[in-house]
Amino acid sequence: MVELRKVSFRYGSEDAQSNTENSLTDIDLTVQSGEFVLLTGPSGCGKTTVLRLINGLIPHFYPGTVEGDVFIDGESANKRELYETALSVGTVFQNPHSQFYNVDTTGELAFGCENRGLSEKEIYSRIDDTVCRFHIEKLMDRNIFRLSDGEKQKIACASVDVAGTDIILLDEPSANLDHEATLALRELIQCWRTQGKTIIAAEHRIAWLWELIDRVVILRNGRIVRELSGKEKNVLKQDELTALGLRSLHIEGPDDIDLPVITEADDPIILRDFYLRYSDADHPVVDIKTLRLASRRITAITGPNGAGKTSFLNCLCGLEKRCRGTIEYRGKRYDRKARQKLCFMVMQDAGNQLFTESVLEEVLISMPGNKSDDKKQAIRILRKLDLDSFRDRHPQSLSGGQKQRLAIACALASGREILLLDEPTSGLDHAHMMETAALLKQLEEMGTTILVITHDSELIRACCSRKLSFSVK
Amino acid sequence: METDNKLKGRDLINVGIYGAIYFVILMAIAMLGMIPIFLPLLSVLVPIIGGVPFMLFLTKVKKPGMIFIFAMIMGVMMLLTGMGPWPLMTCAIAGILAELCVKRGDYRSAKRAVLSYGLFSMWIFGNYLPLFTDYDGYFAQRADYGQAYVDAVSKLMPLWMAPVLLAACFICGILGGLLGRVLLKKHFEKAGLA
Amino acid sequence: MDYSSEQSQQKRRGFLDPRTKLAVTLVLAVFVMGGLGGDQLRYIKGVLSALPFLLLLTERQWRRFVRGAAMLAAGYGLLLAMPYLSGILNYLALFCGGILTRFAVTVVMGEYLIATTSVSEFISAMERLRVPQSLTIPMSVMFRLFPTIGAEWRSIRKAMLMRGIRLGGTKTGQMLEYQLVPMMTSTVRIGEELSASALTRGLGGSTRRTNICLIGLRIQDYVLLAGCLFTVIVWLLELCGMKLW
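Since this is a predicted model, take the numbers as computed values, not measurements. (Residues numbered from 1 in each chain as written. Chains lettered and ligands numbered in written order. Predicted model: local features only at pLDDT ≥ 70, side-chain atom pairs only at ≥ 80, totals over all residues.)

### A closer look at the overall build of chain B
Reasoning step 1: Counting its regular elements, chain B contains nine helices and zero strands.
Reasoning step 2: Counting all 194 residues of chain B, 49% fall into the buried class.
Reasoning step 3: Put simply, 76% of the contacts in chain B that link residues at least 6 apart link residues at least 24 apart. (Helix = DSSP H or I, 4+ residues; strand = E, 2+ residues; numbered from the N terminus. Buried ≥ 20, exposed ≤ 12 C-beta atoms within 10 Å, placed from the backbone. Contact = placed C-beta atoms within 7 Å.)

Below, the structure written as structure tokens:
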């Protein structure tokens, strides 16, 4: 059982005179043993903070001021060391790349049990049990760096399962996953349900969990604004959910949406001879003889993790030296080098493409040439992208969505005609996803060609008019 | 809670994170050391550029022991990459000095942090030690790099270079520390990392 | 399919114990790359240099073997070609050849060590050597992060290329800043998430850790450890001025 009594929390070290706002205010929450509770709400509502209070990362890892009490199975949690809490609480995190400590899958599954000093025999039998129930025989004894995101997330769940904690926390586990992987994740959670585990999930993509949960707790600005029991949640309407900042309840894969790759009326971009094979792979990851794409349209690029979508974009913007394709765009031919000046890619981790010390400076260095009205122009672009108020902020201090917008601002400033985006809406709540969609629409009207890799059916519905599907060869 | 001086899992992981960044930078620069004129320059470049991750590391250091462990790991890594046992010794000494220096500033003083990094950087001198303690032996070992390399290095590295290099490590360490402070203020504090 | 982690762990067990790998790496680092020891050790060094290549073969690491062998061949090729070259080319061939032949061996050994040792094996070996947790935890984090830093660095360079930020004359300092700042920011962020995840799974507790990986010294380990010891003894004898052959 997990109990939060009148809990308030503010990030920041205790001695610092921080006047930051409370991240959580007066949270009262009781989760009974065996219950499955969904915490939801728009980005920044405090749902992740609640999980951190339960698994002990607050206050041991993220310092701050806690008021009120957190009880786990009747014991006060604040005083306990992290490794003591680890005995009863396990957590699956959002980012599949950064939550494994080992490089091999088997070692990763054993990790939690090894830390608490269980006997080797016991660990072996627990791993075998988990592998059998989760059907992950194929993932065993593999290098984790070689797994797809969906597979990594399965290993993260399995690792929590082997540790055998009664309370399991899920912190946006589906944010980076494609449709199939999300459904696979749901099966694992179903498995925990039948075992009677206590599960608390923080998510704003709620469709895939909706049927499984006992209760929904909706947060906003660090307060609980609504609590719905199993029966109540079923009468909730979609527009109420949207008003609460939540994603759609409708489960839909990108493949269920029918869009053409290109139509007769479109002005085509013609791609020729795109071929790329990594030296350690048997099959080429990109292999395109000729392909026609629609210019000045928004094209969704879909397909499972590992189908070569990102590699394709890398080739298209001329960042992949080994790929020698050409494109024909508005009657001109562009080779690899020329495409570097034609295309701009917003990477999945946009933080790696921002270099300067302020948002404004970042846009300024993208401007071609040095003209006197550069600054005015830069501010105009920032205003258009709603980034004007962040002008002096450090780019690395922005949220993931804001970093992507800034990268788009740089693309605009550099005057590139083809914009490529890699998963721009993973982990965004409904409002931010719609903002991105609106922005892309706006760029389309200005005549930009946009290609966007996405698993997000709602984004496709909101803004894409063409679709290109990749499959695993 | 703050008075507990025992190193916890988080502190040790922090040593690993910044140690990894420092070591990667070190190795990238060491590749330059293949070219003779760059060999003495290592005592300039490593302390200066390494100051950036190290100053960020120091903002995480609140308990005794972390700097010493950081230094010892560098020593072990040098041993494994073929620099011999000397760096292990200089790492231990430099690590203790750097540790004492920040401890006296109660892990808060920015000036002491810079000074501490200067002291820490003196470990790099350990990589040159075999050159001076066993002058002929060093070149006998490297004869297969070619006579030209040996000539170039011995021209650049007469015995009086020893104190010069040690001083260079320290002074450039101070400069690197200052550079680290500048970037800390300019970037990492604003980005919310420090 | 009934999966047994114990059996697969046995099947996966490497040819050597991690401690032996460390000992061999050290001896190679000191004697072959560090160039310690004189004439007496010449033949031993030859044998030592072949060792990492043989080890790669025992673990069926063909690709790494071929790459290392190519490096070595290129090195010797340059040394062989050297007498026929003149002037600066002669110097370059000697220099590159010297470095390649010397480094290929250590690089191959390093690759072997990293490719065939899991984090769990590494920690387990260190514990048996009575190395304290305060060294094993940071070092295991480092080895875990190296590939990540490489990936981040590549991604940053790609982004710079795309944004048209190029190395140019006076801007070296700025280039450094542009590479270092995002690289450090993302490595530290990933590192923090990594430690959050590890800590919620009980890393750093006071109980003694167990390890499921199978390590232990077997006949091949004793043979190689004896070889390492032999090398050191020959070197010590040589230091005392004794001639063995």
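### Let's talk about the overall build of chain C
Reasoning step 1: When you go through chain C residue by residue, the secondary structure sums to nine helices and zero strands.
Reasoning step 2: In summary, chain C has a C-alpha radius of gyration of 22 Å against a globular reference of 18 Å for 245 residues, an excess of more than 25%.
Reasoning step 3: Taken along its principal axes, the extent of the C-alpha atoms in chain C is 60 × 55 × 45 Å.
Reasoning step 4: Within the span of chain C, comprising 245 residues, buried residues form 42% of the whole.
Reasoning step 5: Long-range contacts, defined here as pairs at least 24 residues apart, represent 73% of the contacts in chain C between residues at least 6 apart. (Rg over C-alpha atoms; globule rule 2.2 N^0.38 Å.)

### Some remarks on the environment of S358 of chain A
All names here are of chain A.
Reasoning step 1: Residue placement: S358 occurs in the loop between β16 (343–346) and α12 (359–364).
Reasoning step 2: Distance in space between the C-alpha atoms of S358 and R391 is 6.8 Å, their sequence separation being 33 residues.
Reasoning step 3: Contacts of S358, omitting those with residues within four sequence positions, involve D392, R393 and H394.

### Topic: the interface of chain B and chain C
Reasoning step 1: In this complex, chain B contributes 37 residues to the contact, which on the side of chain C involves 38 residues.
Reasoning step 2: The element that contributes the greatest number of residues to the side of chain B that touches chain C is helix α1 (residues 9–30) of chain B, accounting for 12 residues.
Reasoning step 3: Grouping the amino acids of the side of chain B that touches chain C by side-chain chemistry returns 24 nonpolar, nine polar and four charged. (Nonpolar A, V, L, I, M, F, W, Y, C, P; charged D, E, K, R; others polar.)

### Regarding the domain arrangement of chain C
Reasoning step 1: Under the domain assignment used here, chain C contains domain 1 (14–117 + 215–245) and domain 2 (132–200).
Reasoning step 2: The distance between the C-alpha centroids of domain 1 of chain C and domain 2 of chain C comes to 31 Å. (Domains from an automatic or database assignment.)

### So, the interface of chain A and chain C
Many analyses report the size of an interface as the accessible area lost when the parts associate.
Reasoning step 1: With 53 residues of chain A in contact, the opposing surface of chain C contributes 47 residues.
Reasoning step 2: For the side of chain A that touches chain C, the secondary-structure elements that each account for two or more residues are α3 (82–85), α4 (105–115), α5 (120–134) and β16 of chain A.
Reasoning step 3: Considering only residue class, the side of chain A that touches chain C consists of 27 nonpolar, 18 polar and eight charged.

### Structural notes on the sheet that holds strand β19 (residues 466–469) of chain A
Sheet strands line up and pair through hydrogen bonds in the backbone, either parallel or antiparallel.
Residues and elements named next belong to chain A.
Reasoning step 1: Ordered in space as β16-β17-β18-β13-β19, the five strands form an open sheet in which the pairing is parallel. Both edges of this open sheet fall to β16 and β19, since each of them pairs with a single strand only. When the angles between neighbouring strand axes are averaged without regard to direction, this sheet yields 20°.
Reasoning step 2: Sheet topology places strand β13 (residues 298–302) next to β19; four bridges connect them, and they run parallel. For T299, the partnering residue across the bridge sits in β19 and is R466. (Pairing = 2+ DSSP bridges. Axes fitted to C-alpha atoms, helices over the stretch in contact; angles between N-to-C directions.)

### Some words on helix α9 (residues 219–239) of chain C
Residues and elements named next belong to chain C.
Reasoning step 1: Under the 1.5 Å per step criterion, the end-to-end length of α9 is 30 Å for 21 residues, consistent within 8% with the ideal 30 Å.
Reasoning step 2: What α9 keeps buried is the set D221, L224 and T231. The buried residues of α9 occupy one face: seen down the axis, they fall within an arc of 90°. Among the exposed residues of α9, those oriented more than 90 degrees off its buried face are I219, Y222, V223, A226, L229, F230, I233 and L236.
Reasoning step 3: Buried-residue contacts for α9 involve α2 (18–33) and α3 (42–58). (Expected span 1.5 Å × (residues − 1). Arc of directions from axis to C-beta.)

### Observations concerning the environment of E81 of chain A
All names here are of chain A.
Reasoning step 1: With respect to the helices, strands and loops of the structure, E81 is situated in the loop between β5 (75–76) and α3.
Reasoning step 2: The class of E81 is partly exposed, set by 16 C-beta atoms lying within 10 Å.
Reasoning step 3: Expressed as a C-alpha distance, the spacing of E81 and L57, which sit 24 residues apart in the sequence, is 9.7 Å.

### Remarks on the confidence of the model for chain B
Reasoning step 1: Scored by pLDDT, chain B has a mean of 85; 84% of the residues are at 70 or more.
Reasoning step 2: By mean pLDDT, the top-scoring element of chain B is helix α5 (residues 110–121) of chain B (94), and the lowest-scoring one is helix α7 (residues 135–141) of chain B (63). (pLDDT = per-residue confidence, 0-100.)

### Section: helix α5 (residues 87–116) of chain C
Reasoning step 1: The end-to-end C-alpha separation of α5 of chain C is 43 Å, in line with the 44 Å expected for 30 residues at 1.5 Å each.
Reasoning step 2: Of all the bends in α5 of chain C, the largest measures some 30° and sits at F103 of chain C. (Bend = angle between axes of the 7 residues up to and from the residue.)

### So, the environment of S121 of chain B
Reasoning step 1: Summarising the element assignment, S121 of chain B is placed in helix α5.
Reasoning step 2: Considered as a pair, S121 of chain B and I48 of chain B are 73 residues apart in the sequence and their alpha carbons are 9.2 Å apart.

### A closer look at the sheet that holds strand β14 (residues 326–329) of chain A
Residues and elements named next belong to chain A.
Reasoning step 1: Taken together, four strands build an open sheet; the order of strands is β12-β11-β14-β15 and the sheet is antiparallel. The sheet terminates laterally at β12 (286–294) and β15 (332–334), the two strands that pair on one side only. Pairs of neighbouring strands in the sheet enclose a mean axial angle of 15°, with direction left out of account.

### What about unusual backbone geometry?
Reasoning step 1: Residues I58 of chain A and P59 of chain A are joined by a peptide bond in cis, for which omega reads 5°.
Reasoning step 2: Mapped onto the fold, P59 of chain A is located in helix α2 (residues 57–60).
Reasoning step 3: Its identity as a non-glycine residue notwithstanding, H135 of chain A has a phi of 55°, on the positive side.
Reasoning step 4: Within the fold, H135 of chain A resides in the loop between α5 and α6 (149–163).
Reasoning step 5: Residue classification places H135 of chain A among the partly exposed residues on the basis of 15 C-beta atoms within 10 Å.
Reasoning step 6: The phi dihedral of R60 of chain C is positive, around 55°, even though this residue is not glycine.
Reasoning step 7: Mapped onto the fold, R60 of chain C is located in the loop between α3 and α4 (62–81).

### What to know about the nonpolar core
Reasoning step 1: I54, I200, A409 and L420 of chain A are the most contacted members of the largest nonpolar core, which totals 253 residues.
Reasoning step 2: Dropping the residues within four chain positions of it, L420 of chain A is found in contact with L313, L316, C317, C343, F344, M345 and L451 of chain A. (Core = buried A, V, L, I, M, F, W, Y, C linked by C-beta atoms within 7 Å.)

### With respect to the confidence of the model for chain C
Detailed reading of the predicted coordinates is not advisable wherever pLDDT falls low.
Reasoning step 1: Overall, the prediction assigns chain C a mean pLDDT of 84, with 95% of residues at 70 or greater.
Reasoning step 2: For this predicted complex, the interface score ipTM comes out at 0.88, while the overall pTM is 0.91.

### Quick word on the pairing of strand β1 (residues 2–11) of chain A
Residues and elements named next belong to chain A.
Reasoning step 1: When β1 meets strand β4 (residues 64–72), the two strands line up antiparallel, connected through eight bridges. If you follow S8 over to β4, its bridge partner there is E67.
Reasoning step 2: Of the strand pairs in this sheet, β1 and strand β2 (residues 24–31) are connected by five bridges, and their pairing is antiparallel. Paired with F9 across the bridge in β2 is L24.

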